[in-house]
Amino acid sequence: MRILVTGKNGQLGRSIHKLVNTDTKIDNNQSSNEFIFVGREELDLSSEGGISHYFDNNDKFDIIINCAAYTQVDKAEQEVELANQINHLAVKQLASIASKQQARLIHISTDYVFDGEGDKPYMEIDKTNPINVYGKTKLAGEKALQAVMPMNAIIIRTSWLYSEYGNNFVKTMLKLGKERDELNVVSDQIGSPTYATDLAGAILEIIKNKEFREEGRATQVYHYSNEGEISWYEFAQEIFKIAKIDCKVGPITTQQYPTPAKRPRNTIMSTGKIAETFSVNIPDWGSSLNTCIALLYKKKS
Ligand SMILES: NC(=O)c1ccc[n+]([C@@H]2O[C@H](COP(=O)([O-])OP(=O)(O)OC[C@H]3O[C@@H](n4cnc5c(N)ncnc54)[C@H](OP(=O)(O)O)[C@@H]3O)[C@@H](O)[C@H]2O)c1
C-alpha cells in the first residue's frame, strides 16, 4: 500500500508521522505500507499545474490523506482566491486524481462549515452555513469532492485542533500565561478541542478498517473531535491549571474581541457516526490536553 499524506509540516500531518512506524500493517497479509509525507515543496496545492506535475511524476497511490489546507481563518478574509484554490479547487483536483488512480481519499474539513447557531450537537446531515471565507472554501471543497468522487472517499470534519506542533491555542496560552499576570479570553464561543494525535490515531484506525477498504463504498462525511464541550475561556483556565501557570483568566464576549473573520458561536459536533462505523477511540478533551501539555514540557526539558 502506498499512502500519501499531504501537509507534512502541519499539526495533523506531523501527528500522523509521529504515529506511523515502518512496521504498521494495514492488512493481514503482512505486506508493509509505504507512507509518503509531502509538504508544499513537493506538492504545491496553490497551483493546478503544481498538483498535476507531482502526480504525473510519481507512482500511483492506494490512499491519499489530505491534511494540507489554508488554515489562517482571519487572513482568508483577504486572501480569498488563495484560500479557495487550496481548500476547494485543489481538493477537487485531488479527488479527480484519486478517482483515476482508484485510490481512497481521506479529506479533512472543519466545524466552521456550520454557522454555530444550533443548540444541539451538529450531526453530519445537518444544514451547513459557513459564516467566514475559510468555512466557505472548506465547504466548497467538501461539495466538489463529493461531486467528483461519489464513492471511495471520506470527509472528516474536526474542530479546535491543537498539538505539540505549529501554532495553536494551547501553545499560545502557555506562552502568554508565562508573560502576563492576567488574560481575557472569549467565553461565548463553545466547541470541542481536538488533540491532533487522537485524530491521527483515528485516521490510522480507519485505513485498517475493512469497511473503509470495501470497493465502491459511498463517500461519507464524519465528525471527529474529542469528547466534551467547553468555551475558549474555560479551555484557557484548564491549560493554566494543568501547566501550573499562575495567570488570571477573565471572560470576555466575542463582541469585545473583534476579529476580521466571524466565528461560529457553538460548533459542538456529534461523533457517534465515526465511532460506530470504525470503532475509533475518542478520548475526552481533558485527558488529551494533559497528554499534550506533558509532552510539550518533556520536549523542553
Ligand atoms: N487547526 C484547527 O483548529 C482546525 C480546526 C478544524 C479543522 N481543521 C482542518 O484540519 C486539517 C489539518 O489542520 P492543521 O491544524 O494540521 O493545519 P496546519 O497546521 O495549518 O497545517 C496545514 C498544512 O497545509 C500546508 N499548506 C498550506 N498551503 C499549502 C500549499 N499551497 N501547498 C501545500 N501545502 C500547503 C501548510 O504548509 P506549510 O507548513 O508549508 O505552511 C501546513 O503544513 C485542515 O484541513 C484544517 O482545515 C483545522
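Here we summarise the structure given alongside this text. All figures in this text were calculated on a predicted structure; none of them were measured in a lab. (Residues numbered from 1 in each chain as written. Predicted model: local features only at pLDDT ≥ 70, side-chain atom pairs only at ≥ 80, totals over all residues. Heavy atoms only, no water.)

**Some thoughts on the side chain of Asp-115**
Okay, so step 1: If you trace the backbone, Asp-115 turns up in the loop between strand 4 (104-110) and helix 4 (133-148).
Okay, so step 2: There is no salt bridge for the buried Asp-115, and the closest opposite charge comes from Lys-127, which lies 5.6 Å off by N-O distance.
Okay, so step 3: At 2.9 Å, the side chain of Asp-115 forms a polar contact with the backbone nitrogen of Glu-117.
Okay, so step 4: Side-chain polar atoms of Asp-115 contact the side chain of Asn-129, separated by 3.1 Å. (Helix = DSSP H or I, 4+ residues; strand = E, 2+ residues; numbered from the N terminus. Buried < 20%, exposed > 50% of the residue type's maximum accessible area, 1.4 Å probe, protein only. Lys, Arg positive; Asp, Glu negative; His and termini not counted. Salt bridge = Lys/Arg side-chain N within 4 Å of Asp/Glu carboxyl O. Polar contact = N/O pair within 3.5 Å; in protein donor to acceptor, adjacent residues only side chain to side chain.)

**Comments concerning helix 4**
Okay, so step 1: In this model helix 4 runs 22 Å from its N-terminal to its C-terminal C-alpha over 16 residues, within 8% of the 22 Å that 1.5 Å per residue would give.
Okay, so step 2: Those residues of helix 4 that sit buried are Val-133, Tyr-134, Gly-135, Thr-137, Lys-138, Leu-139, Gly-141, Glu-142, Ala-144 and Leu-145.
Okay, so step 3: The inward-facing, buried residues of helix 4 abut helix 3 (80-100), strand 4 and strand 5 (153-158). (Expected span 1.5 Å × (residues − 1). Contact = heavy atoms within 4.5 Å.)

**Quick look at the site of the ligand**
Okay, so step 1: The immediate surroundings of the ligand are formed by 24 residues, with Leu-12, Arg-40, Thr-71, Tyr-134 and Lys-138 found nearest.
Okay, so step 2: At 3.1 Å, a side-chain N or O of Asp-44 approaches a nitrogen atom of the ligand.
Okay, so step 3: In the environment of the ligand, a nitrogen atom lies 3.4 Å from a nitrogen or oxygen atom belonging to the backbone of Ser-46.
Okay, so step 4: Here the ligand has 900 Å² of accessible area as a free molecule, and 83% of this is covered by the chains.
Okay, so step 5: Taken together, the elements giving at least two residues each to the shell around the ligand come down to helix 1 (11-19), strand 4 and helix 4.
Okay, so step 6: Considering every element that reaches the shell around the ligand, the biggest residue donor is strand 4, with three residues.
Okay, so step 7: A breakdown of the residues in the shell around the ligand according to their chemical character gives eleven nonpolar, nine polar and four charged. (Near = heavy atom within 4 Å. Areas by Shrake-Rupley, 256 points an atom, 1.4 Å probe, with all protein chains shown as cover. Nonpolar A, V, L, I, M, F, W, Y, C, P; charged D, E, K, R; others polar.)

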